[in-house]
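Coordinates in review
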Amino acid sequence: MATAASKGATSLSPLTPEMLRPLCDPRSLGFKTTAELQPIDTLIGQERALGALRFGSDIDQPGYNLFALGPQGTGRHSTIHSYLKEKASDAVAPDDWVYVHNFASAHRPKAMRLTAGSAVRFRDSMDELVEDLRHAIPEVFQSDEYRERRRAIDMEFEETQERAFEELNKKAKEQDVAILRTPMGFALAPMSEGQAIKPEVFNLLPKEQKEAIEEKISELQKDLTAVLEKLPLLQKQHRVKIRDLNAELTESIFDTSIKAIADRFAKNEVILERLTEVRKDLVDHVELFLPQNEDEAAGAVPRSPTARGADPRFNRYLVNVMISNDVDGDRKGAPLVTEDHPTLANVVGRIEHIAQFGALMTDFTMIRPGALHRANGGYLMLDARKVLTEPFCWEALKRALRSNTITIVSAAEELSLASTISLEPEPIPLKVKVVLIGERILYYLLSTLDPDFAELFKVEVDFDEELPRSAENVELYARLIASIASRERLQPFNASGVARVIEETARLAGDAERLSLKIGQLADLLREADFWAAEAKRKTIAAADVDRAVAEQIHRADRIRERSHEAIERGTVLIDTEGIATGQVNGLSVISLGSFSFGRPSRITVRVRVGSGKVIDIERETKLGGPLHSKGVLILSGYLAANYARDVPMSLWASIVFEQSYGGVDGDSASSAELYALLSALAEAPISQALAVTGSVNQYGQIQPIGGVNEKIEGFFDVCKARGLSGSQGVLIPASNVKHLMLRPDVVAAAKEGKFSIYPVETIGQGIELLTGTPAGERGAEGVFPPDSINGRVEARLMRFAENRKLFAMNDGETEKANENT
């Protein structure tokens with residue numbers, strides 16, 4: 001039965017130049033310059049993503065946040081921002097939120113929900129209130145009326161105090177006892193002739209007299225204690241009278257000032273309730289407004305300039321605005337926030353501290369909003385990778401979305417390291433639509449590894465990176481080019497320039513039948529073409545300017561490629577581009593450095609001998625080969641076992657190696673080249689070194705497509721061109737990769753002149769025939785390959801290996817038996 005490897009093993013014709021680079025005809029575009037085209041106001045080819053974006057932003061259900069996935073440069077950020085900006089501008093403005101002092105518990109600031117646009121006005125009104133009271137109240141305390149009434153209260157207190165002491169003093173004098181004031185308080189001492197008796201004299205008195213004096217002093221001591229116990233009560237009554245006086249004289253000022261604010265917010269019950277609380281606290285703490293002497297005002301340590309109010313004592317009456325919307329008063333416009341640096345503090349907010357007397361202090365005026373606060377009631381856009389790499393940020397974001405509240409926490413609190421006095425602000429209710437933007441790998445990893453992710457981000461906004469190269473899409477692409485040129489204020493592109501850009505975007509897509517949707521790369525190309533057109537003093541951008549932009553981009557990035565090809569040209573790296581060799585083939589690989597990729601040929605060699613059926617991959621044995629490369633080598637063993645000498649044990653030992661490979665090797669795109677070299681070594685049929693090979697192979701000998709086909713062909717072409725094109729040189733590629741060809745114009749020109757050829761190969765049989773010039777051969781009616789064909793010679797060699805292995809085993813057994821007899 002014939003195998004896929006042997007079917008169609010006939011001579012192949014090289015691809016025509018038209019197939020190597022499908023061109024865009026400027027005449028088919030239907031315009032002279034892009035100035036004639038109507039700009040397009042949306043992305044093309046992103047219907048799936050735009051539909052998901054509309055759905056995710058419209059649905060008002062928990063968990064329907066969005067994750068925009070796709071490669072960088074596809075316009076994810078700008079498209080989403082533009083769409084949400086327009087949508088947010090028509091939405092109803094959400095409520096404002098402020099923090100105020102909690103008079104009942106100072107370390108738990110209260111959150112207040114206010115109607116949109118009122119937070120700033122309320123803050124300014126309270127600032128004005130405090131400023132007015134700071135000037136008006138001291139004037140009351142400095143008035144003659146207040147001084148007279150205060151003096152009367154003070155005199156009454158002093159007279160009451162003095163009267164009590166005078167009565168006690170009179171009673172003591174009548175009993176010849178003196179009341180003395182000492183640093184330790186009051187003391188009682190006996191008197192004689194108006195003078196206190198000294199202790200040594202008192203001790204000389206008769207016992208009866210001393211006992212009588214001590215009895216009098218004991219009774220007077222009780223009276224003194226009673227008087228002293230009344231003093232705190234008298235002082236309290238004195239303070240109450242002063243407080244009542246202060247309240248009496250200031251309540252009218254408080255009422256007048258607060259009424260002015262209440263009139264401004266007459267329909268706002270929340271603000272009116274707050275004003276009631278403020279009035280009560282003002283009356284209870286009117287002493288805050290008492291004049292201070294200069295020493296007290298200055299303080300031992302100056303107040304921190306970061307305190308919001310001019311005097312931090314009055315901060316308790318201020319308002320800290322966290323969220324303010326509807327600035328223009330039209331009740332329109334939801335917030336759209338993009339946080340470029342999503343640290344924990346920047347997302348959930350933070351509480352600042354100031355150093356005061358060697359300690360870190362804070363109050364509610366130093367609470368700062370985060371991105372969640374600013375976006376509350378609207379939309380928040382975040383870069384997924386940045387959020388995931390910032391400590392604690394991802395968990396804090398998930399907590400906020402799960403609980404629908406914003407709780408301010410710090411990294412120190414998360415690590416239990418905070419030991420300073422801090423605040424516990426009341427959480428603010430959260431209603432926000434979060435849009436994460438990231439690569440596909442992040443989306444799939446989060447979906448797999450984070451059980452919360454699927455519940456919180458239910459809308460997948462998947463941006464495509466390419467679209468079909470149809471006539472309709474080419475027209476849309478031309479309009480996209482016109483839009484970018486207009487937005488960036490570039491010179492218009494003529495038809496030839498647009499055609500050349502379309503060809504280059506097909507190359508960027510790696511497919512002649514596709515156009516790249518990486519808008520970032522496209523915009524860069526247009527800007528650079530505009531620059532070179534200006535350098536050439538052209539008023540429109542032509543194909544030559546686009547060619548110059550592409551060439552300059554490559555030149556800026558191709559230093560490593562030049563050095564690599566130079567090593568081949570100088571013979572440091574051994575690559576043959578002419579002649580023949582057995583068990584040796586030119587394989588092709590792609591090296592990617594940043595955004596630049598280039599192809600480089602590699603010599604692959606194979607050695608064979610009798611063995612136990614093992615194909616050794618030297619790259620794998622030395623741990624330089626990746627799993628995909630190892631898989632490709634193992635497929636070769638399956639191909640050999642299934643196609644040759646199927647009735648005898650596989651008795652082959654073969655080693656395969658990438659010569660002069662000093663780094664890792666992965667991928668299976670060289671598996672067909674390795675198989676060609678292996679068949680060459682077994683059949684002892686030399687391979688033309690003027691040809692290079694790329695393509696993977698399966699166990700049935702079918703050649704499968706690979707990536708980077710353009711770069712691989714151009715890499716071998718550059719080496720051949722440097723040595724001189726002979727006309728016999730070329731590359732074998734999988735036939736299924738033909739649609740991906742968008743080769744450089746110089747490669748196409750060489751193919752047109754017959755100096756370089758590209759061959760599409762479908763099976764191993766086609767390839768080995770082209771490489772060796774010998775028919776691959778098919779099994780005849782008797783199931784035998786023609787003896788002079790490649791397949792016939794391979795099978796004959798494997799049969800000989802099997803016979804030699806059998807003879808060796810027999811001889812080895814006879815020798816072992818003779819040794820036993822001996």
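The preceding data block contains the structure.
Computed from a predicted model, the values in this text were never measured in an experiment.

1. Overview of the sheet that holds strand β1 (residues 66-69)
Strand order in the open sheet formed by five strands is β8-β13-β16-β1-β17, with parallel pairing between adjacent strands. Taken across any chain shown, the strands that pair with only one partner, and hence form the sheet edges, are β8 (336-339) and β17 (459-462). Strand-to-strand, the axes of this sheet are offset by a mean angle of 20 degrees, without reference to chain direction. Both β1 and strand β16 (residues 433-438) contribute to a ladder of four bridges, which runs parallel. Paired with L66 across the two strands is V435, which belongs to β16. Sheet strands touched by helix α2 (residues 47-58): β1, β13 (379-383), β16 and β17. Its angle to β17, the strand with the most contacts, is close to 150 degrees. Most of the contacts of helix α3 (residues 76-90) go to β13, to which it runs at about 170 degrees, and overall it touches β1, β8, β13 and β16.

2. Re helix α4 (residues 119-141)
One turn of an α-helix holds 3.6 residues; hence residues three or four places apart share an orientation. For α4, with 23 residues, the first-to-last C-alpha span of 33 Å sits near the 33 Å given by 1.5 Å per residue. When the local axis directions of α4 are compared, the greatest deviation, roughly 25 degrees, occurs at L133.

3. A closer look at the packing of aromatic side chains
Using the criterion set out here, one finds 16 aromatic pairs in the structure. For the ring pair F717 and F756, a centre distance of 5.2 Å and an interplane angle of 85 degrees mean the geometry is edge-to-face. Pair noted here: F717 is in helix α25 (residues 709-723) and F756 is in the loop between α26 (745-752) and β30 (757-761), with a separation of 39 residues, a long-range link. A relative accessible area of 1% places F717 in the buried class. The class for F756 is buried, based on a relative accessible area of 1%.

4. Things to note about the sheet that holds strand β2 (residues 96-100)
With antiparallel pairing, the three strands of this open sheet are ordered in space as β3-β2-β7. Each end of this open sheet is capped by a strand with a single partner; those strands are β3 (110-114) and β7 (319-323). Here the strands of the sheet are splayed against their neighbours by 30 degrees on average, with no regard to which way each runs. Where β2 lies against β3, five bridges are found, and the strand directions are antiparallel.

5. Things to note about the packing of helix α18 (residues 495-509) against helix α19 (residues 519-535)
Contact geometry for α18 and α19: axes closest at 11 Å, N-to-C directions at 145 degrees. In the crossing of α18 with α19, the sense of the turn from one axis to the other is right-handed. Here V501, E504, T505 and L508 of α18 lie close against α19, whose contacting residues are Q521, L522, L525 and L526. Split by residue class, the contact of α18 with α19 holds five nonpolar, two polar and one charged.

6. Regarding unusual backbone geometry
Excluding glycine, residues mostly carry a negative phi; peptide bonds, for their part, are mostly trans. Not every positive phi belongs to a glycine, and R489 is a case in point at roughly 60 degrees. Accessibility expressed as a relative area gives 77% for R489, which makes it exposed. Even without being a glycine, K537 presents a positive backbone phi close to 60 degrees. Locating K537 in the fold gives a position in the loop between α19 and α20 (543-557).

7. Details of the pairing of strand β22 (residues 596-610)
Here strand β21 (residues 584-593) runs beside β22; their pairing, made up of 10 bridges, is antiparallel. Along β22, the bridge assignment pairs S589 with R600. The turn linking β21 back onto β22 is made up of two residues, and G594 within it adopts a positive phi angle of 65 degrees. Looking at chain direction, β22 and strand β24 (residues 652-658) are connected through seven bridges and run antiparallel. The residue bridging R609 from the neighbouring strand is W653, located in β24.

Procedures and definitions
Residues numbered from 1 in each chain as written. Predicted model: local features only at pLDDT ≥ 70, side-chain atom pairs only at ≥ 80, totals over all residues. Heavy atoms only, no water. Pairing = 2+ DSSP bridges. Helix = DSSP H or I, 4+ residues; strand = E, 2+ residues; numbered from the N terminus. Axes fitted to C-alpha atoms, helices over the stretch in contact; angles between N-to-C directions. Contact = heavy atoms within 4.5 Å. Expected span 1.5 Å × (residues − 1). Bend = angle between axes of the 7 residues up to and from the residue. Phe/Tyr/Trp six-rings, centres within 6.5 Å; stacked < 30°, edge-to-face > 60°. Buried < 20%, exposed > 50% of the residue type's maximum accessible area, 1.4 Å probe, protein only. Left-handed = near helix turned anticlockwise from the far one by under 90°. Nonpolar A, V, L, I, M, F, W, Y, C, P; charged D, E, K, R; others polar.

Limitation: the analysis is restricted to geometry and does not speak to function.
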